[in-house]
Amino acid sequence: MNPLECSHKLTVKLKDNGYDIVIGNNMLDVAGDLLKPLWSGNEAVSVVTDENVWRYHGDSLSRSMDRARIDFQPIVLPEGEGNKSMRGLENLYESFARMKLTRSGLVAAFGGGVIGDLCGFTAATWMRGVRFVQIPTTLLAQVDSSVGGKTGINLPQGKNLAGAFYQPKLVVIDPSTLRTLPAREVRCGMAEVVKYGAIRSMSLFNSLSSSSEPDLSEIIHECCSIKSDIVERDELDFGERMILNFGHTLGHAIEKQTGFDAYRHGEAVAFGMALASAIGEVMGATESGVTDELQNTLAHCGLETRYPGDIFGLPPMLASDKKSLGGAVQMVLLRRIGEAFVHQTTIAEIEGLLREVKRKWRI
Ligand code: NAD
Ligand code: GLY
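The rules we used
Residues numbered from 1 in each chain as written. Chains lettered and ligands numbered in written order. Predicted model: local features only at pLDDT ≥ 70, side-chain atom pairs only at ≥ 80, totals over all residues. Heavy atoms only, no water. Near = heavy atom within 4 Å. Polar contact = N/O pair within 3.5 Å; in protein donor to acceptor, adjacent residues only side chain to side chain. Areas by Shrake-Rupley, 256 points an atom, 1.4 Å probe, with all protein chains shown as cover. Helix = DSSP H or I, 4+ residues; strand = E, 2+ residues; numbered from the N terminus. Nonpolar A, V, L, I, M, F, W, Y, C, P; charged D, E, K, R; others polar. Buried < 20%, exposed > 50% of the residue type's maximum accessible area, 1.4 Å probe, protein only. Contact = heavy atoms within 4.5 Å. Salt bridge = Lys/Arg side-chain N within 4 Å of Asp/Glu carboxyl O. Pairing = 2+ DSSP bridges. Axes fitted to C-alpha atoms, helices over the stretch in contact; angles between N-to-C directions. Parallel < 35°, antiparallel > 145°, perpendicular 65-115°, else oblique. Left-handed = near helix turned anticlockwise from the far one by under 90°. Patch = residues over 30% accessible without salt bridge, like charges linked within 9 Å, V, L, I, M, F, W, Y side chains within 5 Å. Core = buried A, V, L, I, M, F, W, Y, C linked by side-chain atoms within 4.5 Å. Phe/Tyr/Trp six-rings, centres within 6.5 Å; stacked < 30°, edge-to-face > 60°. Lys NZ or Arg CZ within 6 Å of the ring centre and 35° of its normal.

S.K.: Before we go on, may I ask you to explain the site of ligand 1 in this structure?
M.R.: Ligand 1 sits among 27 residues. The nearest are Asp50, Glu79, Gly113, Thr138 and Thr180. The separation between an oxygen atom of ligand 1 and a polar side-chain atom of Arg264 is 3.4 Å. In isolation ligand 1 offers 870 Å² of accessible surface; the protein chains occlude 93% of this area. For the shell around ligand 1, the secondary-structure elements that each account for two or more residues are α2 (51-67), α4 (113-125), α5 (139-145) and β8 (158-165). In terms of residue class, the shell around ligand 1 is built from 6 nonpolar, 10 polar and 11 charged.

Shown next, in the form of structure tokens:
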């Protein structure tokens, strides 16, 4: 396959750190050719991945790296969020040291958001920065985490508390890798897709409930375009980029309340979006009927929308959220499908609004 035959190519236009996103089925077969221009030719190259991704897709990537004559070393980690930890970071530093990776080397994150976040942060801090590329293999990573340069690890005090903005040099997205992704993980990625529609694109949103067989390449392309557009205007997340957190404030609280165990991130975000929309409606800030629409679309994508836990236990959880350190809570609300804004609020206000939500809705 000719690398130029990808079905979509986007460029994230940043002042200093712009990069391409290439999207197309079977792009793994040409990943080596795409990475080659970023490689000096004799420095170490590391592919960081997890055991599931390596089992299903390691051969394809290895073949394409071999064809491109890139000598690389795979680092295969166990699967799971546990990698995004101080211990995971230290292990990766040790591996980089063993393979004598220098600043002129290259690191590829080949996996879901866990591998991308850990690998990106390690690359950002290894010798003050070694080039890295993202080859995402979950829907969540293909539509969201591989683009925009947020990298990091979790600390015992909270999720993603240590991190850096560190943009990849290239993002290679092969939607055909999703064929092996468990259905639950696909649904979690769909929660982020619904988010993009809800905050920025009514046509994307409508397409999600009208088709039974969504064209994932098209969807991924549209989500990456929306994200690039937002990141280009607010790379460091001081303003507009915050709308990408629609559903995440209460979603994170739900993850925390349930010990990061009962729900995957996307499932918690689906609950969080339904709650945020209902909060917007009781405030009069969100058009009436939006919450029903959102719940229907989420349900069409196989996601639950009514959080069965204690919603009044959620606001106190926000106190230690990274985004609410300092007291104020930034909550993303919808005006209507396709339009979002950031509302500055407090934990006390959210408590009051949730009481209203409970009264008016069966959420
Ligand atoms: P993940 O990386 O843990 O992957 C989910 C599961 O799918 C894992 O078991 C993995 O082994 C498996 N897997 C991956 N690709 C596969 C494939 N093609 N076939 C079969 N199995 C496959 O989880 P995730 O949902 O991709 O990412 C979640 C992480 O992303 C969280 O840590 C979250 O904080 C982070 N995140 C980061 C950003 C960002 O902007 N940096 C945005 C959203 C989420
Ligand atoms: N996932 C939210 C962001 O990248 O800003």
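S.K.: Help me understand helix α9 (residues 248-257), please; the structure alone is not making it clear to me.
M.R.: Note on helix geometry: an α-helix contains 3.6 residues per turn, so any two residues three or four positions apart are oriented the same way. Of all 10 residues making up α9, 8 are buried, and the element is well covered by its neighbours. Of all the residues in α9, the buried ones are His248, Thr249, Leu250, Gly251, His252, Ala253, Ile254 and Glu255. On the buried face of α9, the contacting elements are β8, α6 (183-200), α10 (265-283), α12 (314-317) and β10 (329-336).

S.K.: Looking at this model, I keep getting lost on the pattern of salt bridges. Mind explaining?
M.R.: A side chain with one charge may pair with a side chain of the opposite charge, provided their charged atoms come close. Evaluated as defined, the whole model comprises 20 salt bridges. The salt bridge involving Arg233 is made with Asp229; its shortest N-O contact spans 3.1 Å. Residue Arg233 and its partner Asp229 are located together in helix α8 (residues 216-233), separated by 4 residues, close to a single helical turn. Among the residues examined, Asp229 registers a relative accessible area of 29% and is labelled partly exposed.

S.K.: Could you clarify how one ought to interpret the pairing of strand β11 (residues 339-345) in this entry?
M.R.: In the case of a regular strand, side chains alternate between the two sheet surfaces. Here 7 bridges tie β10 to β11, and the two strands are oriented antiparallel to one another. Looking at the pairing, Val332 lines up with Val342 of β11. Connecting β10 to the next strand, β11, in antiparallel fashion are 2 residues, including Gly338 with a positive phi near 100°.

S.K.: Honestly, unusual backbone geometry in this entry has me stumped. Any pointers?
M.R.: Outside of glycine, negative phi angles account for most residues, and trans bonds account for most peptide bonds. At Lys100, a position not held by glycine, the phi torsion is positive, near 55°. Mapping Lys100 onto the fold places it in the loop between α3 (86-98) and β5 (106-111). Classification of Lys100 as exposed rests on a relative accessible area of 64%. The phi dihedral of Arg128 falls on the positive side, at around 65°, and the residue is not glycine. Structurally, the position occupied by Arg128 is in the loop between α4 and β6 (131-136).

S.K.: What is the right way to look at the packing of helix α7 (residues 202-210) against helix α11 (residues 290-300) in this model?
M.R.: The angle between the axes and the distance between the axes are what describe a pair of packed helices. Packing of α7 against α11 brings their axes to within 8 Å, and their N-to-C directions diverge by 50°. By the angle between their axes, α7 is oblique relative to α11. Crossing of α7 against α11: the hand is left-handed. Within the contact between the two elements, α7 uses Phe205, Leu208 and Ser209 and α11 uses Glu293, Leu294, Thr297 and His300. Of the residues in the contact of α7 with α11, the class split is 3 nonpolar, 3 polar and 1 charged.

S.K.: In this structure, what is going on with the site of ligand 2? I would like to understand it.
M.R.: Close to ligand 2 lie Asp144, Lys150, Lys227, Arg241 and Leu244. Arg241 has a polar side-chain atom sitting 2.7 Å from an oxygen atom of ligand 2. In the complex, 87% of the free accessible area of ligand 2, which totals 200 Å², lies under the protein chains.

S.K.: Would you take a moment to explain a nonpolar patch on the surface for this structure?
M.R.: A cluster of nonpolar side chains, namely Phe165, Leu236 and Phe238, defines an oily patch on the protein surface of about 340 Å² accessible area. Here Leu236 is to be found in the loop between α8 and α9. On the basis of relative accessibility, which here comes to 42%, the residue Leu236 falls in the partly exposed class.

S.K.: Help me understand the nonpolar core in this model?
M.R.: Soluble globular proteins tend to pack their nonpolar side chains together in the buried interior. Residues Ile21, Phe246 and Ile279 are the most contacted members of the largest nonpolar core, which totals 68 residues. The leading source of residues in this core is α10, at 10 residues. When neighbours within four sequence positions are excluded, Phe246 is seen to be in contact with Lys195, Ala198, Ile199, Val269, Met273, Ala276, Ser277, Leu294, Val332 and Leu334.

S.K.: Just checking my understanding: could you explain the packing of aromatic side chains for this structure?
M.R.: With the rule as written, the count across this model stands at 7 aromatic pairs. On the numbers, 5.1 Å between centres and 80° between planes, the contact of Tyr263 with Phe271 is edge-to-face. Of the aromatic side chains, those joined through ring pairs into one cluster are Tyr93, Phe96 and Trp126. The positively charged end of Arg55 is found above the aromatic ring belonging to Tyr56, 4.9 Å away from the centroid.

S.K.: What am I meant to see in the side chain of Lys84 here?
M.R.: Looking at the secondary structure, you find Lys84 in the loop between β4 (73-77) and α3. Only 2.8 Å separates the side chain of Lys84 from the side chain of Asp117, close enough to count as a polar contact.

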